[in-house]
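Here's the letter readout for the chains.
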Amino acid sequence: MDELGYGSIAFVPVLFDANWNYHTELNRYLRERALLEWQPKDVDSSSDRVRHVSQNQYPTKKTLENIARQLCNFFDWIAWKNLEWKSIEYTKHLVRGYQLHMLKGSWSARKKPLSAGTINIRVRAACAFMAWAAERGFREDFKVKSAKRLVRADSGTHAHGH
């Protein structure tokens, strides 16, 4: 890989679809994540400021492999539902489709509900990819709807109280 000029990205996973077609956008996304050319943004709920999740910290090979697995799972779900990724909407497809199928177990290898943590990681990976694709002009804007909630805490040290 070094001799061909790809040494700086040799550790980045490469993704193909079920027909062994190269996933152009997914692979570019992984390369940009690996080289810190793009990072997912998160909103700091205490101030509504946009911040980069892991500023200036290169992802490890393991992190990139995990992101690749999560995106493969998402794109397999898209194929299963016979959807076009560029038209995916947050509420209609990610919340009421992908997330719900994982929660009910219809989109899991064992046909059992997945944990909230697994679901959140997968949906977050899908949202980050969609946001990147919109920024790069591969799709229309991708809007994630959210709302602030006030949580009453009975304890000064615990958010849920006792």
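The paragraphs below set out a description of the structure included in this document. The structure displayed is predicted, hence computed values, not measured ones.

1. Looking at helix H4 (residues 116-135)
Since the α-helix turns once every 3.6 residues, residues separated by three or four places project in the same direction. Given a rise of 1.5 Å per residue, 20 residues ought to cover 28 Å, and the 28 Å separating the end C-alpha atoms of H4 matches this to within 8%. Three or more residues of H4 are buried, namely Ile 119, Arg 122, Val 123, Ala 125, Ala 126, Cys 127, Ala 128, Phe 129, Met 130, Trp 132, Ala 133 and Ala 134. Contacts from the buried residues of H4 go to helix H1 (24-34), helix H2 (61-80) and helix H3 (90-104). After H4 finishes, the residue Gly 137 shows a positive phi value of roughly 85 degrees.

2. Let's talk about the packing of aromatic side chains
With the rule as written, the count across this model stands at 16 aromatic pairs. When the ring of Phe 16 is compared with that of Trp 20, the centres are 5.7 Å apart and the planes differ by 45 degrees; the resulting orientation is tilted. The structure contains a cluster of three or more aromatic residues connected by ring pairs, namely Tyr 29, Trp 38, Phe 74, Phe 75, Trp 77, Trp 85, Tyr 98, Phe 129, Trp 132 and Phe 138.

3. Digging into the pattern of salt bridges
Where charged atoms of side chains with opposite charge meet at close range, the side chains can pair. Taken as a whole and judged by the stated rule, the model has four salt bridges. Here Glu 32 and Arg 28 are joined by a salt bridge, their closest N and O atoms 2.8 Å apart. Taken together, the residues Glu 32 and Arg 28, both in helix H1 and four residues apart, mark about one turn of the helix. What makes Arg 28 partly exposed here is its relative accessible area of 31%. Ionic pairing is found between Glu 135 and Lys 41, a salt bridge with its closest N-O pair at 3.2 Å. On the criterion of sequence distance, the pair formed by Glu 135 in helix H4 and Lys 41 in strand E1 (residues 41-44) is long-range, its members being 94 residues apart. Its relative accessible area of 42% is what places Glu 135 among the partly exposed residues. Here the salt bridges share partners, and the residues they tie into one network are Arg 28, Glu 32 and Arg 136.

Criteria and thresholds
Residues numbered from 1 in each chain as written. Predicted model: local features only at pLDDT ≥ 70, side-chain atom pairs only at ≥ 80, totals over all residues. Heavy atoms only, no water. Helix = DSSP H or I, 4+ residues; strand = E, 2+ residues; numbered from the N terminus. Expected span 1.5 Å × (residues − 1). Buried < 20%, exposed > 50% of the residue type's maximum accessible area, 1.4 Å probe, protein only. Contact = heavy atoms within 4.5 Å. Phe/Tyr/Trp six-rings, centres within 6.5 Å; stacked < 30°, edge-to-face > 60°. Salt bridge = Lys/Arg side-chain N within 4 Å of Asp/Glu carboxyl O.

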